[in-house]
Amino acid sequence: MSRSREFKFRAVTSFQRHVANPLIRRSPFQTLLETTGRTSGLPRRTPVGGRRVGQAFWLVSEYGEKSQYVRNIQADPRVRVRIGGRWHTGTAHLLPEDDARARLKALPRYNSAVVRALGTDLLTVRVDLAD
């Protein structure tokens, strides 16, 4: 990763982790992805933008396999997703072969614009919902 991309990654993720995410998580209708921490085993909740299509929830990670929640999914794909204030259990699948930029066109506009602008290594994630 180039120095400028690494700086961008560190700056954005630091802001998200310490400022944006703690505030956004408090909104009762913000979509959240809950993974299990790969080291701690504790639940980790991350605000995400995505869309439910049938029994699947689709999202795009802006930093691919460098995202902490993606690393947690690699260790344990069992997740929960809060959509519209209701929790759903599911199994997450990383789809590196999917065209993440094209996928963003089918997801919520504002979030997709932010992911495109800030992301450096887009990765599609599909969560197959059990309920």
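Up top is the structure.
Remember, it's a predicted structure, so these values are computed and weren't measured experimentally.

## Some thoughts on the packing of aromatic side chains
Consideration 1: Across all of its chains, the model carries zero aromatic pairs by this definition.
Consideration 2: Just above the ring of tryptophan 87 sits the side chain of arginine 80; from NZ or CZ to the centre is 4.2 Å.
Consideration 3: One cation-aromatic arrangement involves arginine 103 over tryptophan 58; the distance from NZ or CZ to the ring centre is 3.8 Å.

## As for the pattern of salt bridges
Should their charged atoms come close, side chains of opposite charge can pair.
Consideration 1: Under the defined criterion, the tally for this structure stands at five salt bridges.
Consideration 2: Notably, a salt bridge pairs arginine 80 with glutamate 34, separated by 2.8 Å at the nearest N-O pair. You can see arginine 80 sitting in strand E5 (residues 78–83) and its partner glutamate 34 sitting in strand E1 (residues 32–36), a full 46 residues away along the chain.
Consideration 3: In this structure arginine 80 comes out as partly exposed when scored by relative accessible area, which is 27%.
Consideration 4: Taking the shortest distance from any N to any O, the salt bridge between aspartate 76 and arginine 78 comes out at 3.0 Å.
Consideration 5: A residue is classified by how much of its surface remains accessible, and arginine 78, at 58% relative accessible area, is exposed.
Consideration 6: One salt-bridge network, in which partners are shared between bridges, spans Glu34, Arg45 and Arg80.

## Looking at the pairing of strand E2 (residues 43–47)
Consecutive side chains along a regular strand alternate between the two faces of the sheet.
Consideration 1: In terms of strand pairing, E1 meets E2 through five bridges, oriented antiparallel. Paired with glutamate 34 across the two strands is arginine 45, which belongs to E2.
Consideration 2: In textbook terms, the turn of a hairpin is the stretch between consecutive antiparallel strands, and for E1 and E2 this stretch comprises six residues, one of which, glycine 41, has a positive phi near 80°.

## Some words on the sheet that holds strand E7 (residues 123–129)
Consideration 1: Pairing is antiparallel in the open sheet, where seven strands are placed in the order E2-E1-E5-E6-E7-E4-E3. Strands with a single pairing partner mark the edges of an open sheet, and in this sheet they are E2 and strand E3 (50–53). Taken over all neighbouring pairs, the strand axes of this sheet differ in orientation by 30° on average, direction set aside.
Consideration 2: As paired elements, E3 and strand E4 (residues 56–61) share four bridges and run antiparallel to each other. Note on E4: the bridge partner recorded for valine 53 is alanine 56.
Consideration 3: Each of E1, E2, E4, E5, strand E6 (86–95) and E7 touches helix H2 (residues 68–75); the most contacted strand, E1, lies at about 50° to it.

Rules used in this analysis
Residues numbered from 1 in each chain as written. Predicted model: local features only at pLDDT ≥ 70, side-chain atom pairs only at ≥ 80, totals over all residues. Heavy atoms only, no water. Phe/Tyr/Trp six-rings, centres within 6.5 Å; stacked < 30°, edge-to-face > 60°. Lys NZ or Arg CZ within 6 Å of the ring centre and 35° of its normal. Salt bridge = Lys/Arg side-chain N within 4 Å of Asp/Glu carboxyl O. Helix = DSSP H or I, 4+ residues; strand = E, 2+ residues; numbered from the N terminus. Buried < 20%, exposed > 50% of the residue type's maximum accessible area, 1.4 Å probe, protein only. Pairing = 2+ DSSP bridges. Axes fitted to C-alpha atoms, helices over the stretch in contact; angles between N-to-C directions. Contact = heavy atoms within 4.5 Å.

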